[in-house]
Amino acid sequence: MTGIPIELLLRAYRQGYFPMARTADDPEVDWVRPDVRGVIPLEGFHLSARLARTVRGTDLKVRIDTAFAEVISLCAEATPDRDETWINAGIREAFERLHQLGVAHSVEVWDGAQLVGGLYGLKIGGAFFGESMFSRATDASKIALVHLVGRLKRAGFGLLDAQFVNPHLEQFGTRPVPHDDYMRRLDLVVAIKPDMGAFLAEMSGPEAVAYARQPTTQAS
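Residues numbered from 1 in each chain as written. Predicted model: local features only at pLDDT ≥ 70, side-chain atom pairs only at ≥ 80, totals over all residues. Heavy atoms only, no water.

Engineer: How would you explain the packing of aromatic side chains if you had to name every residue and give the values?
Structural biologist: In this structure the tally under the stated criterion is nine aromatic pairs. Between the aromatic rings of Phe-95 and Tyr-120, the centroid separation amounts to 5.5 Å while the plane-to-plane angle is 80°, which identifies the pairing as edge-to-face. Here the residue Phe-95 occupies a position in helix α4 (residues 89-100), and Tyr-120 occupies one in strand β6 (residues 114-124), the gap between them amounting to 25 residues. Each of the two residues, Phe-95 as well as Tyr-120, counts as buried. For the pair Phe-157 and Phe-199, a centre-to-centre distance of 5.9 Å together with 50° between the ring planes defines the contact as tilted. Residue Phe-157 is located in the loop between α5 (140-155) and β8 (159-163), and its partner Phe-199 is located in helix α8 (residues 196-200); the two are separated by 42 residues in the primary sequence. For the pair formed by Phe-157 and Phe-199, the shared burial category is buried. Sitting above the plane of the Tyr-211 ring, Arg-154 keeps its charged end 5.9 Å from the centroid. (Phe/Tyr/Trp six-rings, centres within 6.5 Å; stacked < 30°, edge-to-face > 60°. Helix = DSSP H or I, 4+ residues; strand = E, 2+ residues; numbered from the N terminus. Buried < 20%, exposed > 50% of the residue type's maximum accessible area, 1.4 Å probe, protein only. Lys NZ or Arg CZ within 6 Å of the ring centre and 35° of its normal.)

In structure tokens:
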């Protein structure tokens, strides 16, 4: 497999599918469409008091789209808790092209010149599809997620897709949504035109917490 056509990739996400490789070295991908989808509710994002204090007070810096290729590479690395990942070369190459087109974005957590955490995903209308995250410092991926939620809400997004529900994401209020209900929500939010200037603009830790906790009227 030499690459995933961008048009095919975007059409698949719009129809409820996403690509996963069986291993990082597998040249092929499977197109996955879960019967039950994991959704992080923007209107009911759960932010603990401890994590809110961390996001407000950390010396770590959060940036957007300054090291997309490095973020996806670190997300694809094996870790002591995860021998294999589903991000193969074809997925990496496709998402790097999506990033160049302004469709895929990274949220990065920096300790000085060192990238210590982050996540990446892509947007279609007012839907953001979170793909993967990594952490090389305490709470770094959680800080990235809070900043992502804050930016999505500030920009007027309506859906944050997490693909699956897992124990790590459950702490943020992630809930299972049956496929048909998920597609109805997706159909609604793809018509939204979020303010990408607001998404990309700088955001402080206190601002991220305030937006993450702010009620929203968008469908999510």
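Engineer: Outline the nonpolar core, listing residues and values.
Structural biologist: The nonpolar side chains of a soluble globular protein tend to be buried, and buried together. In terms of nonpolar packing, the biggest core is built from 39 residues, with Phe-95 and Tyr-120 touching the most fellow members. At the level of elements, α1 (6-14), β1 (18-20), α3 (68-76), α4, β5 (104-111), β6, β7 (127-135) and α7 (179-189) are the ones that each hand at least two residues to this core. Top element by residues in this core is α3. It accounts for six residues. (Core = buried A, V, L, I, M, F, W, Y, C linked by side-chain atoms within 4.5 Å.)

Engineer: Describe the pairing of β5, listing the residues and the values that go with them.
Structural biologist: The buried count for β5 comes to seven of eight residues, which makes it a mostly enclosed element. Taken together, the four bridges between strand β4 (residues 61-64) and β5 define a ladder with antiparallel strand orientation. Paired with Ile-64 across the two strands is Val-107, which belongs to β5. In terms of strand pairing, β5 meets β6 through eight bridges, oriented antiparallel. Following the sheet pairing, His-105 is matched in β6 by Gly-121. (Pairing = 2+ DSSP bridges.)

Engineer: How would you explain unusual backbone geometry if you had to name every residue and give the values?
Structural biologist: Leaving glycine aside, a negative phi is the common case for residues, and trans is the common case for peptide bonds. The residue Asp-65 is not glycine, and still its phi comes out positive at about 60°. Classification of Asp-65 by relative accessible area gives partly exposed; the value is 23%. We note that Gln-163 has phi near 70°; this positive angle belongs to a residue other than glycine. In this fold, Gln-163 is placed in strand β8.

Engineer: Would you mind going over α5 in detail, with residue names and values included?
Structural biologist: Since there are 3.6 residues in each turn of an α-helix, residues three or four apart along the chain are aligned in direction. With 16 residues, α5 extends 23 Å between its outermost C-alpha atoms, agreeing within 8% with the 22 Å of an ideal straight helix rising 1.5 Å per residue. Counting buried residues in α5 gives 15 out of 16 residues, a clear majority hidden from the surface. (Expected span 1.5 Å × (residues − 1).)

Engineer: Please provide a residue-by-residue account of the packing of α1 against α4, values included.
Structural biologist: Where α1 meets α4, the axes come as close as 10 Å, and the angle between the chain directions of the two elements is 90°. Between α1 and α4, the angle is such that the two are roughly perpendicular. Residues Ile-6, Leu-9, Leu-10 and Tyr-13 of α1 touch α4, and the partners they reach there are Ala-94, Phe-95, Arg-97 and Leu-98. Of the residues that constitute the contact of α1 with α4, the class distribution is seven nonpolar, no polar and one charged. (Axes fitted to C-alpha atoms, helices over the stretch in contact; angles between N-to-C directions. Parallel < 35°, antiparallel > 145°, perpendicular 65-115°, else oblique. Contact = heavy atoms within 4.5 Å. Nonpolar A, V, L, I, M, F, W, Y, C, P; charged D, E, K, R; others polar.)

Engineer: Explain the pattern of salt bridges to me, using residue names and the numbers behind them.
Structural biologist: Counting across every chain of the model gives nine salt bridges. In this structure, the salt-bridge partner of Asp-181 is Arg-184, at a minimum N-O distance of 2.2 Å. Of this pair, Asp-181 and Arg-184 are both found in helix α7, three residues apart, which corresponds to roughly one turn of the helix. Residue Asp-181 is classed as partly exposed on the basis of its relative accessible area of 31%. A cluster of three or more residues bridged by salt bridges with shared partners is formed by Arg-50, Asp-139 and Lys-142. (Salt bridge = Lys/Arg side-chain N within 4 Å of Asp/Glu carboxyl O.)

Engineer: If you had to explain the side chain of Asp-26 to someone new, which residues and values would you point to?
Structural biologist: Along the chain, Asp-26 turns up in the loop between β1 and β2 (30-32). For the buried residue Asp-26, which engages in no salt bridge, the nearest side chain bearing the opposite charge is Arg-22, 5.0 Å off. Not counting chain neighbours up to four residues away, the residues in contact with Asp-26 comprise Ala-21 and Asn-88. (Lys, Arg positive; Asp, Glu negative; His and termini not counted.)

Engineer: Give a description of the sheet that holds β7 that names residues and reports values.
Structural biologist: Sheet strands line up and pair through hydrogen bonds in the backbone, either parallel or antiparallel. Taken in spatial order, the seven strands line up as β4-β5-β6-β7-β8-β3-β9 in an open sheet, and their pairing is mixed. For this open sheet the edge positions go to β4 and β9 (175-178), each flanked by a neighbour on one side alone. Adjacent strand axes in the sheet meet at a mean angle of 35°, parallel and antiparallel pairs treated alike. Relative to β7, β6 is paired through eight bridges, and the arrangement is antiparallel. Paired with Tyr-120 across the strands is Ser-132, a residue of β7. Docked against the sheet, α4 engages β5, β6 and β7, running at close to 95° with respect to β5.

Geometric descriptors of this kind do not, in isolation, establish any biological role.
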